[in-house]
Structures are given as structure tokens and as C-alpha cells.
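Structure assessment
Next come the chains, spelled out residue by residue.
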Amino acid sequence: MTLALVGLSHHVAPVELRERVTLALGPAADLARSLGDAVCLSTCNRTELYLAGIDPARAAGAIEALAGEPLEGVLYELHEDAAAVHLFRVAAGLDSLVPGEGEILGQVRDAYEAVAPGPVLDRLFRQALGVGKRVRTETAIGESPASVSSAAAALAAQVFGDLHGRRVLLVGAGRIGELAAANLASRGAEIAFVANRTVESARELAHRFGGRAIGLDELGAQLGEVDVVVSSTSAPEPLLHPGDVPARRRAPLFFIDIAVPRDLDPAIAELGGCFLYDIDDLEAVVAETLAGRRAEAERAEQLVAEEAERFRAWRASLDVVPAIASLRARAEEIRSAELAKVDGRVSDDERRTLESVTAQILNKLLHLPTVRMKEAAVSADGAMYADAVRHLFGLEEER
Amino acid sequence: MVEALFWPALLGYGEAALAYASPRTTGAATWGVRLGWLAQTALLAVQAADADGFPWSTWAGSLNLFVWLVVSAYLIWGCRPRYRLLGLAVMPLAVALFVVARLGGATESASAHGYGSFFLVLHVGFVLAAFAGFTLAAALAAVYLWQERRLKHRAADILRLRLPPLTVLEGLTRRTILVSLPLLTLGLGAGLVRLRHDHHSLDALEAVTLLTWGVYGAFLAMHPVGRRAAYLALGGFALVIVARLVLAGSHFA
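Residues numbered from 1 in each chain as written. Chains lettered and ligands numbered in written order. Predicted model: local features only at pLDDT ≥ 70, side-chain atom pairs only at ≥ 80, totals over all residues.

Before going further, it helps to spend a moment on the environment of P23 of chain B. Mapping P23 of chain B onto the fold places it in the loop between α1 (2-19) and α2 (26-50). Under the C-beta neighbour-count criterion, P23 of chain B is labelled buried, with 20 such atoms within 10 Å. When the C-alpha atoms of P23 of chain B and R162 of chain B are compared, they prove to be 9.8 Å apart, with 139 residues separating the residues in sequence. If we ignore the near neighbours within four places in the chain, the residues touching P23 of chain B are A140 of chain A together with R84 of chain B. (Helix = DSSP H or I, 4+ residues; strand = E, 2+ residues; numbered from the N terminus. Buried ≥ 20, exposed ≤ 12 C-beta atoms within 10 Å, placed from the backbone. Contact = placed C-beta atoms within 7 Å.)

Structure representation (C-alpha cells):
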């Protein structure tokens, strides 16, 4: 049975095109089912159809119908091992915009579970999910943050460990600050206060995070109440100075300044127990972690290659499985026929002994040919061996 | 037999000390610690079985036991893949002390010398266990200072080369001292009872050990935080080093 992949991704298609062919989980599964034995993986970065025994032209036509235009030169088509390697790389996050991102693994699982694929695609997707997990557990590719906002949250965790119960003061109601706050909240931190020049904007954001809105004039008063300060206003002058920070504190205070020009006086970093990261520091951290991801990606590629080899071996073994099954069935048939000849001439005990002994002889005789055929299948001689076995044991007549 | 067990233990600890240098070999390092610890445990068990009295009565023997206690404490509290750099702080120290112990004769057949007194065995056991805890606390404090410095200087590789979070290191240091100080108190108590019984006066090691008790007692009483706590833990450990490596000979003589 042939294995093929037809699709497009962020590597070859602009967002205007991708958004036209992106499908939600249900419609994607419907499309796959309409084609036959297929799985449709559709995310914001890719729409791909994995096909078992289906003409790729049909799948290409289906995607072009979604796009509303011919996609010659945009759609890619991969076959057999290349299709398997591609899916393994996708599941490992190696084909993603940010190498190692973990969301794609869940999307691959959803696409697989939304349909009931045949044995080849079933094995391919189960193995792809295994590859994704292996890459995440055996490499550090997914451990480091890939954006300024997630780096800010990861740095806070380097100070406080678990962020549950840690209180955050968000200064400014801008988008970047909101993202940083969302990242901190996703790690368990509590967005306790949102401060802004216009309290109305602060109130809206505070409501979303379950915090309290305050004016910029209250900033200093709340510093003793929080563990993390995230600032991202467009104020021309620093809003906080060392003198605003309470002197007698028992816990560290972590400042994240994402604003340009900076909101927080750099001298705050000199205070004991205070840590201050500005936008340049955060970008340097992200650049460093992305470099680390690329190094880990090389190891991940090795894992993908190993798994691709395993998949190839499994597929090759499929060529000899029918021949092995026929051979065993023929042998069992002969054994049963010969045992039937002694029925009534031996006792029950003797009959059991004969059954046991003949079964053992059969298994021992067939063990080595079975192993050799499977080995030959992996080294691409499987079909030849299978034909030879069928010919030697007269199995053709049964096919 | 004892000699034959020394090398696997050293090999395990040495492998761990080297393997902790790379994140890719952290798993191998953990196994090195475990296997080395098992070999050293067997070594100590053989020594205990062969000896008539307390088998680690020499300074080198007690150093051998001390290394085992340090690694045991590390296995219990700090041996986590994500705390790789803590292993990098503890295991080379363990290897160095283990080698010093061997050079001092720790793996020679144990004699029946001294330490027949139950009080004395308690004294040595508790004091060494406490010192092992203080050593681990010092390693944690040193890692704290390193992590704090990296955060202060905004090291770009801070998320690539991860250390345990500051508050975790601080909490672990405090908890380790909280467990170790009562052990030292019991050890000192047993030693003082023995001292009074034998009508001996305080020697230099005993005086330094009492001072150590005072420093760690102050640590728990004052509940310092941040850098101050780390420096105090390291200050106490400096006294432990003086007691273990500089003055031990006179006390054991």
C-alpha cells in the first residue's frame, strides 16, 4: 500500500493562502474521510493530507478547492519514507516556525484521533506521537522560551521557582505587558494590580486577570505587596526609582521592564534582593535560548532518523507477513491431518504428548525461516524471499 | 575486599563528577552517584563487619564515612536531573575528599582500636552526619550565590544553563541546616558526657565545633535571607573544614 503526503505550510505559503485552507478539527476529519484512508493535519501553519493507497492528485484537488485557486508550485508531495520522515519532524516540532514548540504534538494527536485510519497510517501516527515525546524527553529543545514574554516568566521562575501565589504588578495596559502577564499567570502567578495612566484601561485588563486597577501615583505604595513588577508603558521618563522600593523586604523583588524608553531606573538592579531585566536583556536571553534550541534540534534530527528507520523496517516486514502466515498455516494443516490419522489408536495422554511434540517440532523448524524472511524484508530482499517460500512450499495455489 | 570496593566507588563518583559537566550526560552522572554510593556502602559495611569496635576511628576513616554521608544527603535532597549544577558542586568535592581519605589509610583493614564506648560511637556518628549536612548546605549556599550573581548580571545563558531557583536553594539550605544542627547538638552532647567522664579538657577541635554550633544556631535563630544567609552558611562550613581537615588529627590522636 502506498504512503503519500500532500500539503502546504508556512515554508511555502503566505498567511493569506494558509488561512483559506486551514480547517477546524471536525471539517478536517470530514475531508480526510471523504478521501478514504487519510489523516488531515490542519493548523495555522500547515494543512497536510497523509494518504494510504490514495491517489495524491485527489488530495491536491481537495486542497485547491479550499484555496479557490490552482496551487502548482506551492503544494508539496512526498512519498513513502520521505512522507514518514516529514511527519516525524512535524511531530517533533522541527518543522515549526519556532523549533521545538510543543503545541504541534497535540495537534498531530487530535488529527489522528479524529479519524480511524488503516494500519499503515495508524502505525505512522502512533510512531510520530512517540517521536514527539522522545524528542521532548531526550533533548532540551522544548525547555527554553522563544519569546520575550515567555522569557520574562521563565526568569521569574528562576528566582521564585513555583510561581503559584506570587503576586504581580502590571504597569501599563499595552499588548506586550499583557502577554508577559498572561505568561506569568499561566505559571500560577496572581496578577494582583494593573496600573495605568488611564485607570479605565487598567480596569478592563485587571478585570480580565482578576486583579485590581490602580493609578500610576499608587505604584510605590504597592511595591511592598508584590513579588514581580512588569512594566511596559510609553512614559518618556522612568516611573520607578530605587527610592520607591521598600528597603526592608524578606523576599526578592523581580522587575521586568519591557518599555522603550525604560520605565524603571536601572539603579534598581543595584538594590539587594532586586533583579531587573530590560528589553535588551530579555532579547539576549531569547537569542541564547534559540541558539540552544538549534543545537538540540541536531540531536532531535538523529532521533527522527532512528525512528524513520524503524518505520521503514516495519513497512518492509509487511511484504513477507502474508507469506509467513501462509507457510505456518500450511504446516499446521499438515500437522493436524497427520494427527487425525492416529485418532482412536492412541490414548488421550498419548494424543496430548503427540500434539505437544509435533507443535514443538513445527515451531523449531519454522523459527529460523521466519526470522530470516523478516531480516530479508528489512534489507529489501523480502519480496524475493517471500516468492521463493511460496514457490518451494506450493503456497501459490492458496493465494 | 575493602580495597576492591574502593575503586568502583571512586569510579562511580568520578564518572558522576565528570558527567555532570554536560546536560547530555546527566543521566549517566546520576547512575554514577548511585553505583558509587552502593559500592561505598558495601565498603563501609565490610569495614563494620570486620572491625571489633568502631571501624572509622582514625581521621581518614571518619573522612571516608563523612564522604558517604555527604553523598547520601545529596542523593536524598539534591540528586535531580534539573539540578545538574548542584551535582557539579558536590561530586568533585566528594571525589577529592574520598581520595584524601584513602591516602590517609581509610581503606586499610579496620583495627579494633578504640571507640568501644557506645557514647563515643554516638558522638562520632552524629557529628559526622551533621558535618555532612553542613557540607551539603554550603554547596547549596555556594550555588545560591552563583545563581544570584548570574541573575544580577543578567547572564544571557541563564535559561540555557539552569540552576535551581533562588528561593528553592534558600529553602533547601535552611532545611538542611535545620536537620543537621540537632544532629550536631546530640553529637556534641555525647562527646561532652564522655569528656566529663574521662576528666579531659576541651581541645582545639572541640572548641571549633562548639563555635560551629554557635554559627549554625545563629543561622536558625536570626533567620537571615538572601546573600546574608548564604554567607553565614558558608562561614559555618569554613569552621567545618577547619574541624575536619586541620584539627582532626589532634583530636583523633
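What follows picks up the thread again.
Each partner contributes to the interface: chain A provides 24 residues, whereas chain B provides 16 residues. Tallying contributions element by element places helix α7 (residues 148-160) of chain A first for the side of chain A that touches chain B, with 7 residues. Class assignment for the residues of the side of chain A that touches chain B results in 14 nonpolar, 7 polar and 3 charged. (Nonpolar A, V, L, I, M, F, W, Y, C, P; charged D, E, K, R; others polar.)

At the junction of V260 of chain A and P261 of chain A, the peptide bond is cis and its omega measures out at 0 degrees in the coordinates. Within the element layout of this structure, P261 of chain A appears in the loop between β9 (253-257) and β10 (274-278). The phi angle at R154 of chain B is positive, at roughly 55 degrees, despite the residue not being glycine. By C-beta crowding, R154 of chain B is classed as partly exposed, having 18 other C-beta atoms within 10 Å. The backbone phi angle of H223 of chain B is positive, close to 50 degrees, even though this residue is not glycine.

With that out of the way, let us pick up α7 of chain A. Residues and elements named next belong to chain A. Taking 1.5 Å of rise per residue, the 13 residues of α7 would be expected to cover 18 Å, and the 18 Å separating its terminal C-alpha atoms lies within 8% of that figure. Within α7, 13 of the 13 residues are buried, which leaves it mostly tucked inside the rest of the structure. In the segment just after α7, G161 is the residue with positive phi, at about 75 degrees. (Expected span 1.5 Å × (residues − 1).)

Moving on, we come to the sheet that holds strand β2 (residues 38-42) of chain A. Strand pairing in a sheet takes place through backbone hydrogen bonds and is either antiparallel or parallel in direction. Residues and elements named next belong to chain A. Read across the sheet, 4 strands follow the order β2-β3-β1-β4 without closing on themselves; strand pairing throughout is antiparallel. Edge strands, defined here as strands with exactly one partner in the open sheet, are β2 and β4 (76-79). Strand-to-strand twist of the sheet, defined as the mean angle between neighbouring strand axes without regard to direction, takes the value 15 degrees. Where strand β1 (residues 3-9) lies against strand β3 (residues 46-52), 7 bridges are found, and the strand directions are antiparallel. Residue pairing for β3: V6 is matched across the bridge by L49. Strands in contact with helix α3 (residues 56-67) are β1, β3 and β4; relative to β1, the strand with the most contacts, it is inclined by about 20 degrees. (Pairing = 2+ DSSP bridges. Axes fitted to C-alpha atoms, helices over the stretch in contact; angles between N-to-C directions.)

This next bit is on the environment of V226 of chain A. Among the structural elements, V226 of chain A can be located in the loop between α10 (219-222) and β8 (228-231). With sequence-adjacent residues up to four places away left out, V226 of chain A is seen in contact with R167, V168, L169, A192 and F193 of chain A.

What is shown is where atoms sit, not what they do.
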